[in-house]
Amino acid sequence: MEIINSILTNAKYSSIFLAIFALLAALSSANPKTHHHEFVVEATPVKRLCKTHNTITVNGQYPGPTLEINNGDTLVVKVTNKARYNVTIHWHGIRQMRTGWADGPEFVTQCPIRPKESYTYKFSVVGQEGTLWWHAHSSWLRATVYGALIIRPREGHSYPFPKPNRETPILLGEWWDTNPIDVIREATRTGAAPNVSDAYTINGQPGDLYKCSSKGTTIIPIDSGETNLLRVINSALNQPLFFTIANHKLTVVGADASYLKPFTTTVLVLGPGQTTDVLISGDNPPSLYYIASRAYQSAQNAAFDNTTTTAILQYKSTHHGLNGRKPLMPLLPAYNDTNTVTAFSRSFRSPRKVEVPTEIDENLFFTVGLGLNKCPPNFRARRCQGPNGTRFTASINNVSFVLPNNISILQAHHYGIPGVFTTDFPAKPPLKFDYTGNVSRSLWQPIPGTKAYKLKFGSRVQIVLQDTSIVTSENHPIHLHGYDFYIVAEGFGNFNAKKDSSKFNLVDPPLRNTVAVPVNGWAVIRFVADNPGAWLLHCHLDVHIKWGLATVLLVENGVGKFQSIEPPPKDLPLC
Ligand code: C2O
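Treat the numbers as computed from the prediction; the structure is a model and nothing was measured. Residue positions are counted from 1 within each chain, in the order its sequence is given. Only residues with pLDDT of 70 or above have their local features reported here, since the model is predicted, and side-chain atom pairs are shown and tallied only from 80 upward, although totals for entire chains, interfaces and linings are computed over all residues. Hydrogens are left out, water is left out, and the side-chain values use all remaining heavy atoms of the structure.

Draft legend 1. Representation of the state of the cysteines in the model. Working definition: a disulfide is two cysteine sulfur atoms within 2.5 Å of each other. Counted under the stated rule, the structure contains 3 disulfides. The disulfide bridge from Cys50 ends at Cys212, spanning 2.0 Å between sulfur atoms. Of note, the bridge from Cys50 to Cys212 carries an S-S torsion of about 95° and is right-handed in sense. Here Cys50, found in the loop between β1 (34–48) and β2 (51–58), pairs with Cys212, found in the loop between β10 (199–202) and β11 (219–222); they are 162 residues apart in sequence, far enough to count as distant. Only protein chains enter the area calculation, which uses a 1.4 Å probe; residues under 20% of their type maximum are buried, those over 50% are exposed, and those in between are partly exposed. The class for Cys212 is exposed, based on a relative accessible area of 57%. Shown here is the disulfide that connects Cys375 with Cys384, its sulfur atoms set 1.9 Å apart. Numbered from the N terminus, helices here are DSSP runs of H or I no shorter than four residues, and strands are runs of E no shorter than two.

Draft legend 2. Examining the sheet that holds β11 more closely. In this scheme, strands are said to pair when DSSP sees at least two bridges between them. Strand order across the open sheet formed by 5 strands is β11-β19-β18-β13-β16, with mixed pairing between neighbours. Of all strands in the sheet, those bounded by a partner on one side alone are β11 and β16 (267–270). In this sheet, adjacent strand axes meet at a mean angle of 20° when their direction is disregarded. Both strand β13 (residues 241–245) and strand β18 (residues 288–295) contribute to a ladder of 5 bridges, which runs antiparallel. Each bridged residue has a counterpart across the sheet, and for Thr244 the counterpart in β18 is Ala292. Running at roughly 90° to β16, helix α4 (residues 338–345) makes contact with β13 and β16 of the sheet. Note on definitions: angles span 0 to 180 degrees between N-to-C directions of axes, and those axes are lines fitted to C-alpha atoms, for helices only across the stretch in contact. Every residue pair with non-hydrogen atoms within 4.5 Å of one another is taken to be in contact.

Draft legend 3. Quick look at the packing of aromatic side chains. Aromatic pairing here means that ring centres of Phe, Tyr or Trp (its six-membered ring) are within 6.5 Å. Orientation follows from the plane angle: under 30 degrees is stacked, over 60 is edge-to-face, and everything else is tilted. The full count for this structure, using the stated rule, is 25 aromatic pairs. Ring centres of Trp133 and Tyr146 lie 6.5 Å apart, and the angle between their planes is 80°; on these two criteria the pair is classed as edge-to-face. Taken together, the residues Trp133 in strand β7 (residues 130–136) and Tyr146 in strand β8 (residues 146–152) connect sequence positions 13 residues apart. Note on accessibility: Trp133 and Tyr146 belong to one class, buried. An aromatic cluster is defined as three or more aromatic residues linked by ring pairs; in this entry it consists of Phe39, Trp91, Tyr119, Tyr121, Phe123 and Trp134. The criterion is that NZ of a Lys, or CZ of an Arg, lies within 6 Å of the ring centre and within 35 degrees of the ring normal, and then a charge sits over that ring. Between Arg383 and the ring centre of Phe379, over which it is positioned, the NZ or CZ distance is 4.0 Å. The residue whose ring lies beneath Arg441 is Trp444, and the NZ or CZ to ring-centre distance is 3.9 Å.

Draft legend 4. Representation of the pattern of salt bridges. Salt bridge, as used here: a side-chain nitrogen of Lys or Arg that lies within 4 Å of a carboxyl oxygen of Asp or Glu. Tallying each qualifying case throughout the model produces 17 salt bridges. Residue Arg152 pairs with Glu167 through a salt bridge whose shortest N-O separation is 2.9 Å. With Arg152 in strand β8 and Glu167 in strand β9 (residues 166–175), this residue pair connects regions lying 15 residues apart in the sequence. If you follow the salt bridges from partner to partner, you end up with Glu68, Arg152, Glu167, Arg231 and Asp277 in one network.

Draft legend 5. Focus on the sheet that holds strand β5 (residues 89–92). Taken in spatial order, the 4 strands make up an open sheet running β3-β8-β7-β5, and their pairing is mixed. Of all the strands in the sheet, the pair left with one neighbour each is β3 (67–70) and β5. Along the sheet, successive strands turn relative to each other by an average axial angle of 20°, direction set aside.

Draft legend 6. Spotlight on the side chain of Thr44. Note that Thr44 resides in strand β1. A polar contact of 3.4 Å, which involves the side chain of Thr44, links it to the backbone oxygen of Glu42. Excluding anything up to four places from it in sequence, Thr44 contacts His53, Asn54, Thr55, Thr57 and Gly60. The term polar contact refers here to a pair of N or O atoms within 3.5 Å; inside protein, the definition further demands a hydrogen-donor-capable atom paired with an acceptor-capable atom, and it admits residues adjacent in sequence only when both atoms are side-chain atoms.

Draft legend 7. Region of the structure containing the domain arrangement of the protein chain. All domain edges in this entry derive from an automatic or database-based domain assignment. Partitioning the protein chain into domains gives domain 1 (31–155), domain 2 (161–350) and domain 3 (362–563). Taken together, the 31 residues of domain 1 in the interface contact 42 residues of domain 2. With both sides pooled, the region where domain 1 packs onto domain 2 buries about 3,100 Å², and carbon together with sulfur makes up 64% of that total. Simply put, the buried area is the total loss of 1.4 Å probe accessible area from both parts when two parts are fitted together. Three residues, Leu49, Thr131 and Trp140, lead the burial of domain 1 against domain 2; their summed loss comes to 29% of the area buried on that side. For the interface between domain 1 and domain 2, the tally reads 2 salt bridges. At the boundary of domain 1 and domain 2, one finds 17 residue pairs in polar contact (both at pLDDT 80 or more). Here the side of domain 1 that touches domain 2 takes 5 residues from β8, the largest share from any one element. Residues of the side of domain 1 that touches domain 2, tallied by class, amount to 15 nonpolar, 10 polar and 6 charged. Residues are grouped as follows: nonpolar covers Ala, Val, Leu, Ile, Met, Phe, Trp, Tyr, Cys and Pro; charged covers Asp, Glu, Lys and Arg; every other residue, Gly included, is treated as polar.

Draft legend 8. Up close: the confidence of the model for the protein chain. Mean pLDDT over the protein chain stands at 94; residues scoring 70 or higher make up 94%. Confidence of the predictor at the level of single residues is given by pLDDT, which spans 0 to 100. Every residue in residues 1–14 is under pLDDT 50, and counting partners more than four places away or in other chains gives 9 contacts.

Draft legend 9. The environment of Tyr315, seen in detail. As for its placement among the helices and strands, Tyr315 is situated in strand β19 (residues 308–315). As a C-alpha pair, Tyr315 and Asn165 span 150 residues in sequence and 13 Å in three-dimensional space. For Tyr315, the residues in contact, after removing those within four places along its chain, are Ile222, Asp223, Ser224, His248, Ser281, Gly282, Asp283, Asn284, Pro285, Pro286, Ser287 and Tyr289. Within the structure, Tyr315 has its side chain in polar contact with the side chain of His248 (distance 2.7 Å).

Here's what the structure looks like:
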C-alpha cells in the first residue's frame, strides 16, 4: 500500500524516476535475509560455585550464542557434535511451517546427531516477532545448551511501542554442581525424583547470594531517562520462576514472540519455556538495584531449589565498582504464592481482537499429571526409591509417553514405517474421575505407550488441559511444538464445559506456545492445525518429559505442495 501510494504521489508530479526509485528502495528493504551460523557442541571448562565443571556448551559459550534476526528471515544453523552425548537442537516457539524436520526433539522429528556427526537446521520465520530461544532437546543437555533467539520486526517496520534505547536478553537458568546428565540418569535408575539444582542463574551467573559467585554477577545497564527492553526467558529445567527488580515497574509488551496489550506489574512469573518482553525505565535515582529470581513451587511436599539468583541493574552514571554499597534488594513473592501467579496470567490480552476459532472440529480433553508405578517384580529395591518403594511416572490421559529409540516418529510417519507408534491416543481420559479430588490409588499407574493423536490438516482444535492431583497437583507448563495457540480460559478445580465455556475469551486472548496450567486447575487452548508434521506436546519441566508427560499431535498433509511438509533434508540424521 505504501509503495502504491508513493508511486501515485510521485506520478502526480510526473517524476516517474523518483517512483521507480521509491519502489526499488521499498523492495530491497523488505528483502528477507538468510543468516548462517555454526554451532559446535562440546565440553568446555566453566567455573561456577567454586568449582570448574566440564560443561557441554555451544561454541564454548554458556549460555550459548544469541541469534538475532528479523521477521521473514531464514536461519541456517550447522550443528556439529563434538561432545560425547547425542544431541539435537530445538528452536523453541518457531512455528517451522512445513519444515518440521528442523524442529529438533530427539526421536520425534529426527534421530539424534551422534558424536562426531553434524546436521544443518534450515527454517524461515514468518509472522513471529519478539523473543524465543533455542535449546538442546536430548536428555538433560539443555541445562547448559541454550541461548536466546531474537526476532525483530521486518526491516522498515517498528515495534508497537516506543523504541527502547537498549535491549537486553535475560536468560534464567538452573545450575547443578554435578553433571546434569548424571543427575537424570541416576533418577532414571532409582525411580526417585532427580536431585534439585544448586543454583539459579541470570545469563549464566548465580549472582551475589551464592558462594564464589559475586565476581561474575551479571550487570544489566540502564541510563537515567532511558528505556531498556528486557527479553526474559525461563530456560530453567524444572522450575517456574518469579522475576522482579527493586523499585522498577515492569511493563509487559509481549510473550512467546507475540505482542500483548501492555500492562504494568512488579513481578513476572514464567514457566520453563516461556518468554516475556518487558520495558523498564531509568526513572529511579542513579544507583544499583537487584534483579532477582526464585522458585514458584506449587507441588506439595516436593523438594525444590529454594535459592535466589540476582543480577544488578546499574545506572551508567554510577561508577563501576560497588564501593561497599549494596544494591537495593526487591521483595519476592513467597514460593507458593499462587494468587500472584493467577493475577499475572489473567492480565494477558492480545493487543486487539484476534481470529480465535469458534467452530471446533476436534474437542480434546487431556489430563496432565504425575503417577507412581509399583516396583516391577524383577527390580531390586534400590531401583524403586520413589515414595513407598515405587517409581515416579507421569502421563496424559493415562498414557505415559515413551520415545521410540531407533527412528523418529516423523520419519516413521513420512516413510510409512510400521511398528514405531500407534495413532490411538485417546481424545479424553479413558475414565472420568474427580481429577483434582482425592484420586483412588488404582488410578495412579498409567500405561506406557508411544501413541500419537492424528489431526486433519486445517482442523480447528480445542484442548482442555486438566491438572490432576495424583501424587501431587502442580502447575505444569505445557508446550506445543510447531504451533502458537490462544489461551481462551483458565481456572481451578475440574473443568466444567457447561459452566466454564461462558468464561472463554474469544475476543482478545493471548497467543502463546507454552501455557502454565494452574495447579489443581485447567486451561483451554485453541488453534487451527495448519502445519503438517509430528508435533510434541509436553510438560516443559524436563523431569516430567522423562516420566512420560507428553504426546504427539500428528498433523496430516492437506492438499497440494503448500499444505504438505517439505521433503526431508539430505543430511537428516539416521539412527
Ligand atoms: Cu522448549 Cu520440547 O521444548
